[in-house]
Amino acid sequence: MTKLPSGKSLIFKVAIPVPVYRLFDYLAQENIELDNVKPGVRLEVPFGLGKKIGFLLEIAEQSELDTGKLKRVIRILDHKPLLSAKDLRLLLWASSYYHHPVGEVISTAFPAALRQGKSIVVQSEKRYALTDLGKATDSGQLKRAPKQKSVLEKFQCSSCLSEAELSVWNDNWRPAVKQLIARQLLQIELNDAKANNPEALLRNNVLQCNLQQQSAIDAVCNSLGQFEVFLLEGVTGSGKTEVYLQIIRSVLERGQQVLVLVPEITLTPQLEDRFRQRFAVNIALSHSKLTDTQRQISWLRMQQGECSILLGTRSALFTPLKNPGLIILDEEHDASFKQQEGFRFSARDVAVVRGKLLHIPVLLGSATPSLESLHNVDKRRYRLLHLPERAGNAIEPVLQLMDIRNKRMQEGLSEALIEEMHGTLARNEQVLLFLNRRGFAPTLICHGCGWVARCHRCDANLVIHFDEERLRCHHCGKEHQLIHQCPACKAGQLTPLGLGTERVEKVLAELFEDRVTVRLDRDSTQRKGSLENYLQQINQGKVDIILGTQMLAKGHHFPNVTLVAILDVDSGLFSIDFHAAEKLAQMIMQVSGRAGRADKPGKVIMQTRQPEHPLLLTLINESYRSFAKSALAERKEALLPPFSHQALLRVQAADINTPMLFLKSVTALAQELNRGHTQVLGPVSAPMAKRAGLYRYQLLFQNTRRQELHVFLDALMPAIVKLKHAKVRWSLDVDPVDLY
Ligand code: ADP
Ligand code: ZN
Ligand code: ZN
């Protein structure tokens, strides 16, 4: 047992979740047994006038500070670190790569309760499963008990669900579950810790894979146990998920765990259902719709090896894994993998580093891979696995442009489109309309004097929400009563300008009176469980027309949709951010992927006033790949990422002059510290110059050599911290995906 040499006090270097770049020194407790104190354990320490939870990073003999003035650690919370040494290394790397304070980075790896210093308690949850009778029962028999019917249907596609999972699905599940147990259709699942024995893993038979799927599966399975990054490129419906499932099976057979990340919470239930149908292992979930307790349970069950699969969003990336075997990132191109506030990490890029540290493969999947990943394939850093065709007998949809110049339009719908819709509906097939703008209309303007309803706090117009009689700012959330008289001239008529989903919904109700329309956007799906309900209605064929925002673009399977229309594709064509073209092309392909998934061919119509636009023509006549190729060539020409590397310093303040003054000091510092060839571009005002009452400016750093950029930032950041500008807030975004 190691004891402290008497008379000498050891120093603990502690990371504390505060916006400060350095570690804090504390005196170790007296009589401490060092055998039990490893880097990574949580500590309670005095901080300022209060206390904080920090993370021990180093034990040192000396401090650069006067040891007489150091405070003593209050207590050590963990017998051994909850994170592995490799995961701790990952976090330290991420802190230095993203130039974000290390204490804040480490604390993001923990669930809220552990972050606050609570001790670990593993609660086990009750889980429910169908009985044999439940499996055989037709849910139609429960017509008169709709609640029970929908619970039974939920179980029939997921087999086994925990209390937490049920709560995420629907707040009020308990009475129905109780009644189903009384009817002997459901039972409490007793033994949920499944042995990892291969026969017990599978619930149902696997599909016979096609050649391309098989070679993708073989490639990844051959590299289990070592690091390699794979990019699985395959159009929607090409069977990527099936490939994941079969690879996961091999990982599970090795007794290892799989981390699966998806961009959005709305995608987890579908994937979860497929996993549960296939595997009889414990599956944990982690995303922001779960309560803190539920997330902590998932975290601990993965850490202790009780669950074999973790399905989650971006923040689940740091969950500790007892036996890591594989990381999968589905829809890897999606911008939601980049955190846009606080610790601005890219879950994709950090996942790759994590795979490298853990010596496990990383599988990135997408129908429309990011330009960065395709570039990494070109550079032979990633290995490309390609699924060129739709699996089974589904046929790829036909894309076509619909020129709407000078055409008569009814609230955004051309007559030709309306006719197409009638034709599709007459065949008892479904129509999907995509419009990436919620609300009734994006602008309220006075027909008499030109007055426009603007947000006082933002550089933006207020959006009309007709149903709720509101004007709402989509940037700061500020709301006003919808007005009916022009505040400027008191006479002119107030007119809604432009198109939002609410407005299209209204015209659909008139044009397609006897049809059922469902609107899916952030407003219509705010209530818990409402999205799931809508999706269920759609899949049961109770809906004819599905109208929605980007929520629709991702992952959902609508087998009976054969006509997809993008109502306003032009709005994406003119942006000043160089990422915009890539995002638009991905969005078009993703939305198109919703059409004709089963045995019926699909058609995709894009309404445009730019029928000659090269981006649209390339996508239609060639492919996403051709688009990507020419977009990469343009980026190379302009030395934009991935041919250079960027970091964006954003600054905001309540006063209009302060951000610019601050950025001028930063520019001066940058010139002084710039030893390499980092370009300093700006300062300029942000594309949205004011937001939530704050004025925004930015400065962009760019270098073709990543290493050189980071050496520069390493020198610059501590110097910026020392600039005394009390009234500005600033943040650094390394590899920004959005220049706004
Ligand atoms: P993706 O994830 O690329 O969109 P999925 O894995 O969801 O594709 O597959 C699309 C559909 O095709 C699913 O219904 C799936 O069950 C089916 N499918 C996948 N692979 C095969 C196969 N080899 N044979 C027959 N059907 C398949
Ligand atoms: Zn007016
Ligand atoms: Zn606002």
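Residues numbered from 1 in each chain as written. Chains lettered and ligands numbered in written order. Predicted model: local features only at pLDDT ≥ 70, side-chain atom pairs only at ≥ 80, totals over all residues. Heavy atoms only, no water.

### Comments concerning the overall build of the protein chain
Part 1 of the argument: Per the secondary structure count, the protein chain includes 22 helices and 32 strands.
Part 2 of the argument: With the C-alpha coordinates aligned to their principal axes, the bounding extent of the protein chain is approximately 90 × 70 × 50 Å.
Part 3 of the argument: Considering the protein chain as a whole, with its 740 residues, one finds that 55% of them fall into the buried category.
Part 4 of the argument: Carbon and sulfur atoms make up 49% of the accessible area of the protein chain, which amounts to about 33400 Å² in all.
Part 5 of the argument: Here the protein chain holds 94 positive side-chain charges and 78 negative ones, and the gap between their average locations is 4 Å. (Helix = DSSP H or I, 4+ residues; strand = E, 2+ residues; numbered from the N terminus. Buried < 20%, exposed > 50% of the residue type's maximum accessible area, 1.4 Å probe, protein only. Areas by Shrake-Rupley, 256 points an atom, 1.4 Å probe, with all protein chains shown as cover. Lys, Arg positive; Asp, Glu negative; His and termini not counted. Charge placed at Lys NZ, Arg CZ, Asp CG, Glu CD.)

### Remarks on the coordination of the zinc ion (ligand 2)
Part 1 of the argument: Here the zinc ion (ligand 2) is held by C446 (SG), C449 (SG), C486 (SG) and C489 (SG), and the distances to it run 2.2 to 2.3 Å.
Part 2 of the argument: If you look at the zinc ion (ligand 2), its four donor atoms make angles of 108 to 111° with each other, and the shape they trace is tetrahedral.
Part 3 of the argument: When its relative accessible area of 39% is taken as the criterion, C449 is described as partly exposed.
Part 4 of the argument: Overall, C489 belongs to the partly exposed group, its relative accessible area being 30%. (Donors = N, O, S within 2.8 Å, 3.2 Å for Na, K, Ca; no water. Tetrahedral: all angles 85-135°; square planar, octahedral: opposite > 155°, others 65-115°.)

### Structural notes on the pairing of strand 4 (residues 50-60)
Part 1 of the argument: Judged from the five bridges that link them, strand 1 (residues 11-15) and strand 4 form a sheet pairing that is antiparallel. Bridging from a neighbouring strand, F12 pairs with I59 of strand 4.
Part 2 of the argument: Relative to strand 4, strand 3 (residues 42-47) runs antiparallel, the two sharing six bridges. Looking across to strand 4, one finds that L43 is bridged to G54.
Part 3 of the argument: Between the antiparallel neighbours strand 3 and strand 4 lie two residues, among them G48 with a positive phi of about 60°. (Pairing = 2+ DSSP bridges.)

### Brief notes about the coordination of the zinc ion (ligand 3)
Part 1 of the argument: Here the zinc ion (ligand 3) is held by C455 (SG), C458 (SG), C473 (SG) and C476 (SG), and the distances to it run 2.2 to 2.3 Å.
Part 2 of the argument: Taken together, the four donor atoms coordinating the zinc ion (ligand 3) span angles of 106 to 114° at the metal, a pattern that classifies the geometry as tetrahedral.
Part 3 of the argument: Read from N- to C-terminus, the donor residues coordinating the zinc ion (ligand 3) fall into the pattern C-x2-C-x14-C-x2-C. A residue pair is termed long-range when its members are at least 10 positions apart, and C458 in the loop between strand 20 (443-446) and strand 21 (463-465) and C473 in the loop between strand 22 (470-472) and strand 23 (479-481) qualify at 15 residues. Comparing C458 with C473 shows no difference in burial state: the two are buried.

### Remarks on the domain arrangement of the protein chain
Part 1 of the argument: The domain architecture assigned to the protein chain consists of domain 1 (11-115), domain 2 (127-189), domain 3 (198-387), domain 4 (398-441 + 498-634) and domain 5 (645-734).
Part 2 of the argument: Distance between the C-alpha centres of domain 1 and domain 3: 31 Å.
Part 3 of the argument: Between domain 1 and domain 3, the residue contacts involve 19 residues of the former and 19 residues of the latter.
Part 4 of the argument: Summing the contributions of domain 1 and of domain 3, the shared interface buries around 1800 Å²; its carbon and sulfur component is 72%.
Part 5 of the argument: When the area that domain 1 buries against domain 3 is broken down by residue, the three leading residues are K86, L90 and Y98, summing to 31%.
Part 6 of the argument: Here domain 1 is connected to domain 3 by one salt bridge.
Part 7 of the argument: Residue R354 is joined to D87 by a salt bridge in which the shortest nitrogen-to-oxygen separation is 3.1 Å.
Part 8 of the argument: Taken together, the connections running from domain 1 to domain 3 amount to four residue pairs in polar contact (both at pLDDT 80 or more).
Part 9 of the argument: Among the elements that line the side of domain 1 that touches domain 3, the one with the most residues is helix 1 (residues 85-97), at seven residues.
Part 10 of the argument: When the residues that make up the side of domain 1 that touches domain 3 are grouped by side-chain class, the tally is 14 nonpolar, two polar and three charged. (Domains from an automatic or database assignment. Contact = heavy atoms within 4.5 Å. Buried area = accessible area lost by both parts, 1.4 Å probe. Salt bridge = Lys/Arg side-chain N within 4 Å of Asp/Glu carboxyl O. Polar contact = N/O pair within 3.5 Å; in protein donor to acceptor, adjacent residues only side chain to side chain. Nonpolar A, V, L, I, M, F, W, Y, C, P; charged D, E, K, R; others polar.)

### Overview of unusual backbone geometry
Part 1 of the argument: With an omega of 5°, the peptide bond between P641 and P642 qualifies as cis.
Part 2 of the argument: In this chain, G682 is followed by P683 through a cis amide linkage whose omega measures 0°.
Part 3 of the argument: Even without a glycine there, the phi angle at H99 is positive, about 50°.
Part 4 of the argument: Examined against the element boundaries, H99 turns out to sit in the loop between helix 1 and helix 2 (102-108).
Part 5 of the argument: Taking relative accessible area as the criterion, H99 reaches 6% and is therefore assigned buried.
Part 6 of the argument: Located in the positive-phi region is K490, a residue other than glycine, with phi close to 60°.
Part 7 of the argument: If you trace the backbone, K490 turns up in the loop between strand 23 and strand 24 (494-497).
Part 8 of the argument: Accessibility expressed as a relative area gives 51% for K490, which makes it exposed.

### Examining the environment of G477
Part 1 of the argument: For G477, the position within the fold is in the loop between strand 22 and strand 23.
Part 2 of the argument: Judged by relative accessible area, which is 45%, G477 ranks as partly exposed.
Part 3 of the argument: Between the C-alpha atom of G477 and that of Q400, which follows or precedes it by 77 residues, the distance is 37 Å.

### Structural notes on the site of ligand 1
Part 1 of the argument: Around ligand 1 sit 18 residues in total, of which Q208, Q213, G237, T241 and R274 are the nearest.
Part 2 of the argument: Measuring from a nitrogen atom of ligand 1, one finds a backbone N or O atom of Q208 at 2.8 Å.
Part 3 of the argument: At 2.6 Å, a side-chain N or O of R274 approaches an oxygen atom of ligand 1.
Part 4 of the argument: Protein contacts shield 75% of the accessible area of ligand 1, which totals 550 Å² for the unbound molecule.
Part 5 of the argument: In terms of residue class, the shell around ligand 1 is built from four nonpolar, ten polar and four charged. (Near = heavy atom within 4 Å.)

### Topic: the sheet that holds strand 10 (residues 257-261)
Part 1 of the argument: In spatial order, the strands read 11-12-10-13-14-9-15; together these seven strands make up an open sheet with parallel pairing. Of all strands in the sheet, those bounded by a partner on one side alone are strand 11 (283-286) and strand 15 (382-387). Each strand of the sheet is rotated relative to its neighbour by a mean of 20°, with strand direction disregarded.
Part 2 of the argument: Bridging between strand 9 (residues 229-234) and strand 15 involves six bridges; their strand directions are parallel. Across the sheet, residue L231 finds its bridge partner in strand 15, namely L384.
Part 3 of the argument: Along the sheet, helix 11 (residues 268-278) contacts strand 10, strand 11 and strand 12 (309-312); its crossing angle with strand 12, the most-contacted strand, is approximately 160°.
Part 4 of the argument: Helix 13 (residues 347-358) rests against strand 9, strand 10, strand 13 (324-330), strand 14 (362-366) and strand 15 of the sheet, and its axis sits at about 165° to strand 13. (Axes fitted to C-alpha atoms, helices over the stretch in contact; angles between N-to-C directions.)

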